[in-house]
Amino acid sequence: MAVEQTRGVPDAMAADDPIIQLRNAAVTYDHGESFVLDHVSIDIERNEMVGVVGESGSGKSMLASAMLDAIPDPGLLEGQITYTPGDGSEIDVLDLDDEELRSLRWEEISMVFQGAMSSFNPTMKVDDHFRETLRAHDADVDAGLERAAELLSDLYLEPERVLGSYPHELSGGMQQRALIALSLVLEPELLVMDEPTAALDLLMQRSILLLLENLQEKYDLTMVFITHDLPLVAALADRMAIMYAFRLAEVGETRDVIEHAAHPYTRALLNSTPNLDAPLEEMRPIEGSSPAPINMPDGCAYHPRCPLATSECRSDAPAFEESGPGHATACYHIDESIDQIPLNYEDMLDNDGSQSDGDDP
Amino acid sequence: MSSQPVLSLDGVEVHFENKRGLLDFGAEDETVRAVDGVTIDIEERDVVSLIGESGCGKTTLGKTCIGLQRPTGGTVRYRGQDMWDIRDGKSQSDLEWSDIRQSLQIIHQDPGAALNPNRRLISILSEPLRQVSPHLSKSEKRERIYSLLEHVGMNPAADFAERYPHQLSGGEQQRVALCRALLMNPDVILADEAISALDVSLRVEMMDLMLDLQDEFDTSYVFISHDLSNARYFTEHGDGKIGVMYLGQLVESGPAEQLINEPKHPYTEVLRWATPDLSLQQTGEMPMRKIDIPDPIDPPSGCRFHTRCPEAREVCRQQTPETYQVDGNGQRAACFRRDESHEYWDSPELTD
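About the criteria used
Throughout this document, residue positions are counted from 1 along each chain, in the order its sequence is written. Working convention: letters from A go to chains and numbers from 1 go to ligands, in the order in which they are written. Only residues with pLDDT of at least 70 are given local features in this predicted model, and only at 80 or more are side-chain atom pairs given and counted; all residues enter the totals for whole chains, interfaces and linings. In this description a helix means any DSSP run of H or I spanning at least four residues, a strand means any run of E spanning at least two, and both kinds are numbered starting from the N terminus. Both definitions apply: the radius of gyration is a C-alpha atom measure, and the globule rule equals 2.2 Å times residues to the power 0.38. Contact definition: two residues whose C-beta atoms, as placed from backbone geometry, lie within 7 Å. Side-chain classes follow a simple rule in which Ala, Val, Leu, Ile, Met, Phe, Trp, Tyr, Cys and Pro form the nonpolar group, Asp, Glu, Lys and Arg form the charged group, and the remainder, Gly included, forms the polar group. Three classes are used. A residue is buried when 20 or more other C-beta atoms lie within 10 Å of its own, exposed when 12 or fewer do, and partly exposed in between, with C-beta atoms placed from the backbone. When DSSP finds at least two bridges between two strands, those strands are taken to pair. To get an axis, a line is fitted to the C-alpha atoms, and for a helix only the part in contact is used. The angle between two axes follows their N-to-C directions and goes from 0 to 180 degrees. Per-residue confidence from the prediction method is given by pLDDT, with values spanning 0 to 100.

Draft legend 1. Local environment of the overall build of chain A. A tally of helices and strands in chain A yields 14 helices and twelve strands. Computed over C-alpha atoms, the radius of gyration of chain A comes to 21 Å, within 12% of the 21 Å expected from 2.2 N^0.38 for 361 residues, which places it in the range of a compact globule. Once the C-alpha set of chain A is aligned to its principal axes, its extents read approximately 65 × 55 × 35 Å. In chain A, the proportion of contacts linking residues at least 24 apart, taken out of those at least 6 apart, comes to 68%.

Draft legend 2. Fine view of the interface of chain B and chain A. Each partner contributes to the interface: chain B provides 34 residues, whereas chain A provides 40 residues. Looking at the side of chain B that touches chain A, the elements that each hand over two or more residues are α9 (200-217), α10 (228-237) and α12 (266-274) of chain B. Among the elements that take part in the side of chain B that touches chain A, α10(B) stands out by supplying seven residues, more than any other. Considering only residue class, the side of chain B that touches chain A consists of 15 nonpolar, ten polar and nine charged.

Draft legend 3. How the structure looks around helix α1 (residues 60-67) of chain A. Residues and elements named next belong to chain A. Burial runs high along α1: eight of the eight residues are buried. Three or more residues of α1 are buried, namely K60, S61, M62, L63, A64, S65, A66 and M67. Phi turns positive one or two residues past the end of α1, at D69, with a value near 50 degrees.

Draft legend 4. Structural view of the sheet that holds strand β10 (residues 247-253) of chain A. All names here are of chain A. Overall, mixed pairing links the eight strands, which are arranged β6-β7-β8-β3-β9-β10-β12-β11 in an open sheet. At either end of the open sheet lies a strand with only one pairing partner, and these are β6 (109-112) and β11 (321-324). Strand after strand, the sheet turns through a mean of 25 degrees between neighbouring axes, direction not considered. Of the pairings in the sheet, the one linking β11 to strand β12 (residues 327-329) comprises three bridges and is antiparallel in character. From the neighbouring strand, E322 faces β12, where its bridge partner is A328.

Draft legend 5. Representation of the pairing of strand β1 (residues 7-18) of chain B in the model. Residues and elements named next belong to chain B. Two strands pair when backbone bridges link them, and β1 and strand β2 (residues 30-42) are joined in this way by ten bridges, in the antiparallel orientation. What sits directly across from V14, in β2, is V35. As paired elements, β1 and strand β4 (residues 73-78) share five bridges and run antiparallel to each other. Within β4, the position partnered with L7 by the bridge is Y78.

Draft legend 6. Region of the structure containing the confidence of the model for chain B. Chain-level statistics for chain B give a pLDDT mean of 89 and a share of 95% at 70 or above. Interface confidence for the predicted complex, expressed as ipTM, amounts to 0.79; the pTM equals 0.84.

Draft legend 7. View of the pairing of strand β8 (residues 222-227) of chain A. Residue and element names in this part refer to chain A. Within β8, six of the six residues are buried, which leaves the element mostly enclosed by the surrounding structure. Burial along β8 is two-sided: the face carrying T222, V224 and I226 and the face carrying M223, F225 and T227 are both buried. Where strand β3 (residues 49-53) meets β8, five bridges bridge the pair, whose relative direction is parallel. Its bridge partner being in β8, M49 is matched across the sheet by M223. Bridging between strand β7 (residues 190-194) and β8 involves five bridges; their strand directions are parallel. Note on β8: the bridge partner recorded for M193 is F225.

Draft legend 8. Up close: the sheet that holds strand β1 (residues 18-28) of chain A. Residues and elements named next belong to chain A. One open sheet accounts for four strands, arranged β2-β1-β4-β5; its pairing is antiparallel. In this open sheet, the two edge strands, each paired with only one partner strand, are β2 (35-45) and β5 (91-92). Across seven bridges, β1 lies against strand β4 (residues 76-83) in antiparallel orientation. Bridge pairing links V27 to L77 in β4.

Structural data, given as structure tokens:
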């Protein structure tokens, strides 16, 4: 079933100043029989915020882990991953030895996982986590702790109280924020977050997003935000990448993706999302379910669920091609998709880009 | 059918005592005020959604509604009878505690943990039938179960009935949990974050199913969620009301669309701000002065939201607002700003 295939990045999608470039990044757990990340290529621009959106089991966490070469064993990561720090050099991430990889992680590229409680050691106070991290990377501990205090107050936490607490003494939202501060203490350039707010209530999620926005500005960070919750990142991300069945379905600027979603899956996903403004009778679940890696259909992975599928879709996977300025889609039927799958919130967008709506009486 | 509500809560309080340990010399016993003075009615075929942040007491209130949690103050009436008097045998009513418990059911957030992993679906679903209709023959039970499974979209039912819970997807497990609750012929089902663990794309489907079955089985739902857009979908379709909880109190309640479009309590506006939508508005400033919810052990004086409220004034710290009626449609809010002649308007703004 595993056809050797490569998917490049369309020229228009190549970043001017990429911080990290993935080329045909693929992850397999059975020596190439099936892929849980299926030859994905994407550039991340320096200082941008990219939201990677997909359902559970779409391979989005694999994409995040691939950026740090941190695929859980015994997974095998292939392809080309190039990290470009600000000084003009290029680092081949998959070529680093263990020691180099250790310093790349956290000092250059840092990662935050969901469920802060399992990232902290329950027997250590929060400040010991900071100390341990600083020591492990041979950093100046005192200067580091000062930075920690500043990061914590950037995240609306009281540094003394939080640093002197055990993880269980903090609420879920506070733990997650403390973890974000910990991930930034070594001043990384790129922060990869895998569902960092998933276990929290909406109000805390939204608050954390707002704080992340402030952090990004203050510390010139590049952020990759992985989530299954499309509307959550929509307000925050510069660009969005939609994943379906271990491949990228669509990548584009956030507003462009929401207003002119080209892939039938993206449009179905947008329509299935409960939101406060769409007419209630037009929210629709997506029929069917997404495929497992060992059961990947031939051709476009979405074709069994797609109302527009033709014989072409069933036999050959569509290439990932430019479908607009800065917008790429892997689909043969983009025009039909836009034509025949109306978005249930279209009325709301029709005021020509002027986004005043919602709160006005 | 009388207009009497199925459940009627009046001034309900649930306080948890946190006894001091042997080693905490000198420490005071702490009281967690999980629910503090809530009054709410649940009618026949009603939908009541409770929303609020983690720790606001919505689950405790939900459990109090269906008799799983005994209130430390106030009364919970089932069809006009105090259910805890019946429980204690203090009531002359001919209602039995077991009948009440049977008619008030729950579905949990994590269906995987709610279904016995060692039993097939047919055996899981036979259990409620054995309780409700012990006279049914084995084949009658089987028929009832199959038709319900088909109804919730689990085809072929005969195949599904022989499966174990782990052989189902999360959405299917939740549907089985719903079936199990419905087979008890309940008057009220508490759905405690019942769709939160499902993928976003499956949530609408599950809510549709629940509403569809409501018509069939004549039940009411108490729907607990932290997501305003889900609560809106469920409540509006079920023609019910939303109650907004903050630190154990009901701060605003009303019909879904009205409450969302014209929130009358600053906290409801905060929740609306927190609800993502696709209109791509800039998130802008946070409409709150503090991010973290205060400790329910020692809730703030006066209006409990005053420590975070962007509109708070001095008087909010000193006085507790009553619940004001807003307009005709049954919308209510506990905020001084709803009273145009209140001294709030002359009170100095809180700054900290």
